[in-house]
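Here is how the chains run, residue by residue.
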Amino acid sequence: HPDFYGVDDLLTEEHKLIRSSIRDFVKREISPYIEDWAQRAHFPYEIVRKFGEIGAFGPTIPHEYGGGGLDYISYGIIMQEIERGDSGMRSTASVQGSLVMYPIYKFGSEAQRKKYLPKLASGEWLGCFGLTEPDHGSNPSGMVTNFKDMGDHYLLNGAKMWISNSPRADVAVVWAKNEEGRIHGLVVERGMEGFTTPETHGKWSLRASATGELVFDNVKVPKENLLPGKNGLGAPMMCLDSARYGIAWGAIGAAMDCYESARRYAAERIQFGKPIASFQLVQKKLAEMLTEITKTQLLNWRLGVLMNEGKATTPQISMAKRNSVHTALEIAREARQIHGGMGITGEYPMMRHMMNLESVVTYEGTHDIHLLILGNQITGIPAFY
Ligand code: FAD
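Model, not experiment: these values are computed from the prediction.

1. Remarks on the overall build of the protein
Part 1 of the reasoning: In terms of helices and strands, the protein carries 11 helices and nine strands.
Part 2 of the reasoning: Whereas a compact globule of 385 residues would reach a radius of gyration of roughly 21 Å, the protein reaches 21 Å, a difference of no more than 12%.
Part 3 of the reasoning: With respect to the three principal axes, the spread of C-alpha positions in the protein is 80 × 45 × 40 Å.
Part 4 of the reasoning: Look at the contacts in the protein between residues 6 or more apart in sequence, and 73% of them connect residues 24 or more apart.
Part 5 of the reasoning: For the protein, the exposed surface amounts to about 16600 Å²; the carbon and sulfur share of it is 54%.
Part 6 of the reasoning: Here the protein carries 41 positive and 44 negative side-chain charges, and the mean point of each set is 3 Å from the other.

In structure tokens:
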């Protein structure tokens, strides 16, 4: 909630049940502690097992591999409710589900699926996804991380940067070029010689999520760790589509949290002898927040239906991701203003959401890159290069 247009009527009883159970979980396990974790830049590793228990990892992955066997609307709802708590917590779940389990499920062999998916679903293992490099962010096709065929194994060299979950990850799905320059996915496991995951410190955003590098110094990767099902840049892009869809739902969860806080605060805060909610300018802010949240809810729901039907396109997903994150960031800022000075403290969630959302604007395709994807769709002219 809020639910101004009765979007609930478009949901099944199962969807609503999932929402209330995830919401209860977030209220119990995340909200009371998140401010402290974020202030201390502490990644609460124990949340990984708990996410596994509630089915937050790989909700759309079939039961036989430990997933939830749910539809995409359920996945969206789970991301929305977790991000109502915190975008960093949602990032942990997005990466594990859409960027680690999804490629292993879609492009992995049966042996790889059986080896990795149940442990990732339960939270026994934490995973990360290595695409971005220090010199190649928006243009991942320029990556230099590479592997050579050494006969009985591959030799992996290179480095990835800005990798969510990396400092604590047990497994990494890593995208690297073979000797012909073709991009492939490899599953790299902690403990392989030459593989390290230094943490990135000093972030002002997603402070409760651990971010780091992946460094490969002549890492011997067994041949059976190559994902055989798909290669080329399209493979990681399929993973990103799935994650971006979840982010579209997630970011609006953060917006809802800010809106609810502003609505409550405006009713209670007295200035000039009246609740500030009685002033037109405050009402304008609240009315516009609700309008944008409502539009986004409908866009996300419709995109969820298209995802379920296997019809959603990359530009549609770009529109939803870009719209949600932008909307959420604007709402966080307006909600912060409604709280006046109190809005800058950790007693209220807006500053944390606002700072988190700055990362969400940039990762999984920046705000401007998604605009260019839409521009290309509209005009048929790619303006990226
Ligand atoms: P750049 O690509 O250098 O972009 C800088 C600016 O230039 C941006 O505003 C961009 O829009 C603009 N720009 C670039 N090219 C164009 C163009 N053609 N036209 C117009 N404008 C352009 N990556 C992973 O692989 N795995 C992860 O788990 C992961 N987690 C992350 C977590 C955090 C907290 C952050 C901040 C990032 C994470 N990333 C991850 C990386 C993220 O996806 C990249 O930061 C993002 O793709 C942008 O790359 P960049 O930072 O190198 O910026």
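Following the structure, the description resumes.
2. Some remarks on the packing of aromatic side chains
Part 1 of the reasoning: On inspection of all chains with the given rule, the structure shows 17 aromatic pairs.
Part 2 of the reasoning: On the basis of an interplanar angle of 75° and a centroid distance of 5.6 Å, the ring pair of tyrosine 72 and tyrosine 245 is categorised as edge-to-face. Of this pair, tyrosine 72 sits in helix α4 (residues 72-85) while tyrosine 245 is found in helix α7 (residues 234-268), placing the two residues 173 residues apart along the sequence.
Part 3 of the reasoning: Given the relative accessible area of 16%, tyrosine 72 is considered buried.
Part 4 of the reasoning: Classification of tyrosine 245 by relative accessible area gives buried; the value is 0%.
Part 5 of the reasoning: On the numbers, 5.1 Å between centres and 75° between planes, the contact of phenylalanine 147 with tyrosine 154 is edge-to-face.
Part 6 of the reasoning: Each residue in the set Phe25, Phe51 and Phe57 is aromatic and connected to the rest through ring pairs, giving one cluster.
Part 7 of the reasoning: The residue whose ring lies beneath lysine 119 is tryptophan 125, and the NZ or CZ to ring-centre distance is 5.2 Å.

3. Concerning the environment of threonine 132
Part 1 of the reasoning: Residue placement: threonine 132 occurs in the loop between β1 (127-130) and β2 (146-149).
Part 2 of the reasoning: On the basis of relative accessible area, threonine 132 is assigned to the partly exposed category, the value being 25%.
Part 3 of the reasoning: Taking the C-alpha atoms as reference, threonine 132 lies 7.8 Å from methionine 143; in sequence the two are 11 residues apart.
Part 4 of the reasoning: Setting aside chain neighbours within four positions, we find threonine 132 in contact with Gly137, Lys160, Met161, Trp162 and Ile163.

4. So, the site of the ligand
Part 1 of the reasoning: Every one of the 18 residues lining the ligand counts as a neighbour, but Thr132, Ser138, Trp162, Thr366 and Phe384 are closest to it.
Part 2 of the reasoning: Between the ligand and leucine 131, the relevant distance is 3.0 Å, taken from an oxygen atom to a main-chain nitrogen or oxygen of the residue.
Part 3 of the reasoning: A distance of 2.8 Å separates a nitrogen atom of the ligand from a polar atom in the backbone of phenylalanine 384.
Part 4 of the reasoning: Against a free-state accessible area of 980 Å², the protein chains account for coverage of 68% of the ligand.
Part 5 of the reasoning: Those elements giving two or more residues to the shell around the ligand turn out to be β3 (153-164), α10 (350-362) and α11 (367-379).
Part 6 of the reasoning: A breakdown of the residues in the shell around the ligand according to their chemical character gives nine nonpolar, seven polar and two charged.

5. Focus on the nonpolar core
Part 1 of the reasoning: Counting 63 residues, the largest nonpolar core has Phe51, Ile82, Met89, Ile104 and Trp175 as its most contacted members.
Part 2 of the reasoning: Residue contributions to this core peak at nine residues, all from helix α5 (residues 87-107).
Part 3 of the reasoning: Within the second largest apolar cluster, 31 residues are counted, among which are Ala255, Ala262, Met289 and Val325.

6. Regarding a nonpolar patch on the surface
Part 1 of the reasoning: The grouping of Phe4, Tyr5, Leu10 and Leu298 at the surface amounts to a nonpolar patch, some 420 Å² of accessible area in total.
Part 2 of the reasoning: With respect to the element layout, phenylalanine 4 can be found in the segment before α1 (13-29).
Part 3 of the reasoning: Given a relative accessible area of 57%, phenylalanine 4 falls into the exposed group.

7. A few points about helix α2 (residues 31-39)
Part 1 of the reasoning: Those residues of α2 not exposed but buried are Ile34, Trp37 and Ala38. On an axial view of α2, the arc spanned by its buried residues comes to 90°, and they lie on one face. For α2, the exposed residues set more than 90 degrees away from the buried face come down to Pro32 and Gln39.
Part 2 of the reasoning: Elements that come into contact with the buried residues of α2 comprise α1, α4, α5 and α10.
Part 3 of the reasoning: Once α2 finishes, alanine 41 follows within two positions and takes phi at roughly 50°, a positive value.

8. Examining the environment of lysine 119
Part 1 of the reasoning: With respect to the element layout, lysine 119 can be found in helix α6 (residues 110-122).
Part 2 of the reasoning: In this structure lysine 119 comes out as partly exposed when scored by relative accessible area, which is 30%.
Part 3 of the reasoning: Separated by 126 residues in sequence, lysine 119 and tyrosine 245 have C-alpha atoms that sit 24 Å apart.
Part 4 of the reasoning: The residues contacting lysine 119, other than those within four sequence positions of it, are Glu124 and Trp125.

9. Looking at the confidence of the model for the protein
Part 1 of the reasoning: Per-residue pLDDT for the protein has a mean of 98; in total, 100% of the residues score no lower than 70.
Part 2 of the reasoning: What the predictor reports for the complex is a pTM of 0.98 with an ipTM of 0.99.

10. Details of the pattern of salt bridges
Opposite charge on two side chains permits them to pair, given that their charged atoms come into close proximity.
Part 1 of the reasoning: Scanning the model with the defined rule gives 21 salt bridges in all.
Part 2 of the reasoning: Arginine 28 serves as the salt-bridge partner of glutamate 29, at 3.5 Å between the closest nitrogen and oxygen.
Part 3 of the reasoning: Its relative accessible area of 18% is what places glutamate 29 among the buried residues.
Part 4 of the reasoning: For arginine 28, a relative accessible area of 49% translates into the label partly exposed.
Part 5 of the reasoning: Salt-bridge contacts for lysine 160 lead to glutamate 133; the nearest nitrogen and oxygen are separated by 2.9 Å. Placement of the pair is lysine 160 in strand β3 and glutamate 133 in the loop between β1 and β2, with a sequence separation of 27 residues. Glutamate 133 shares its class with lysine 160; the two are buried.
Part 6 of the reasoning: One continuous salt-bridge network, built from bridges that share partners, spans Arg23, Glu81 and Arg84.

Parameters at a glance
- Here the residue numbers are simple positions, counted from 1 along each chain's written sequence.
- Restriction of local features to residues with pLDDT of at least 70 applies here, the model being predicted, together with a cutoff of 80 or more for giving and counting side-chain atom pairs; totals for whole chains, interfaces and linings are based on all residues.
- Computation of side-chain values: all heavy atoms of the structure, hydrogens and water removed.
- We count a stretch as a helix when DSSP gives it H or I for four or more residues in a row; a strand needs E for two or more, and each element gets its number in order from the N terminus.
- In this setup the radius of gyration rests on C-alpha atoms only. A globule is expected at 2.2 Å times the number of residues raised to 0.38.
- Contact definition: two residues touch when any of their heavy atoms are within 4.5 Å.
- Each accessible area is a Shrake-Rupley result for a 1.4 Å probe, and residues are judged covered by the shown protein chains and nothing else.
- Within this scheme the basic residues Lys and Arg register as positive and the acidic residues Asp and Glu register as negative, but His and the chain ends are omitted.
- Taken as the charge location is NZ of Lys, CZ of Arg, CG of Asp or CD of Glu.
- Two rings from Phe, Tyr or Trp (for Trp, the six-membered ring) form a pair when their centres sit within 6.5 Å of each other. Planes less than 30 degrees apart are called stacked, planes more than 60 degrees apart edge-to-face, and all others tilted.
- Only protein chains enter the calculation, and the probe is 1.4 Å; a residue is then buried if its accessible area is under 20% of its type maximum, exposed if over 50%, and partly exposed in between.
- By the criterion adopted, a ring carries a charge over it if an Arg CZ or a Lys NZ lies within 6 Å of its centre and within 35 degrees of its normal.
- Neighbouring residues are identified by heavy atoms, a residue being near a molecule or strand if any of them is within 4 Å of it.
- Pairing of N or O atoms within 3.5 Å defines a polar contact, subject to two protein rules: one partner must be a possible hydrogen donor and the other a possible acceptor, and residues neighboring in sequence count only if both atoms are side-chain atoms.
- As a working rule, the residues Ala, Val, Leu, Ile, Met, Phe, Trp, Tyr, Cys and Pro are called nonpolar, Asp, Glu, Lys and Arg charged, and the rest polar, with Gly in that last group.
- Take the buried residues of types Ala, Val, Leu, Ile, Met, Phe, Trp, Tyr and Cys, join any two whose side-chain atoms come within 4.5 Å, and each joined set is a nonpolar core.
- Patch membership needs two things, relative accessible area over 30% and no salt bridge, and members are linked within 9 Å if like-charged or within 5 Å if nonpolar (Val, Leu, Ile, Met, Phe, Trp, Tyr).
- The salt bridge criterion pairs a side-chain nitrogen of Lys or Arg with a carboxyl oxygen of Asp or Glu, the two atoms within 4 Å.
- Within this analysis, the arc is defined by the directions that extend from the helix axis to the C-beta atoms.
- pLDDT gives the predictor's per-residue confidence on a scale running from 0 to 100.

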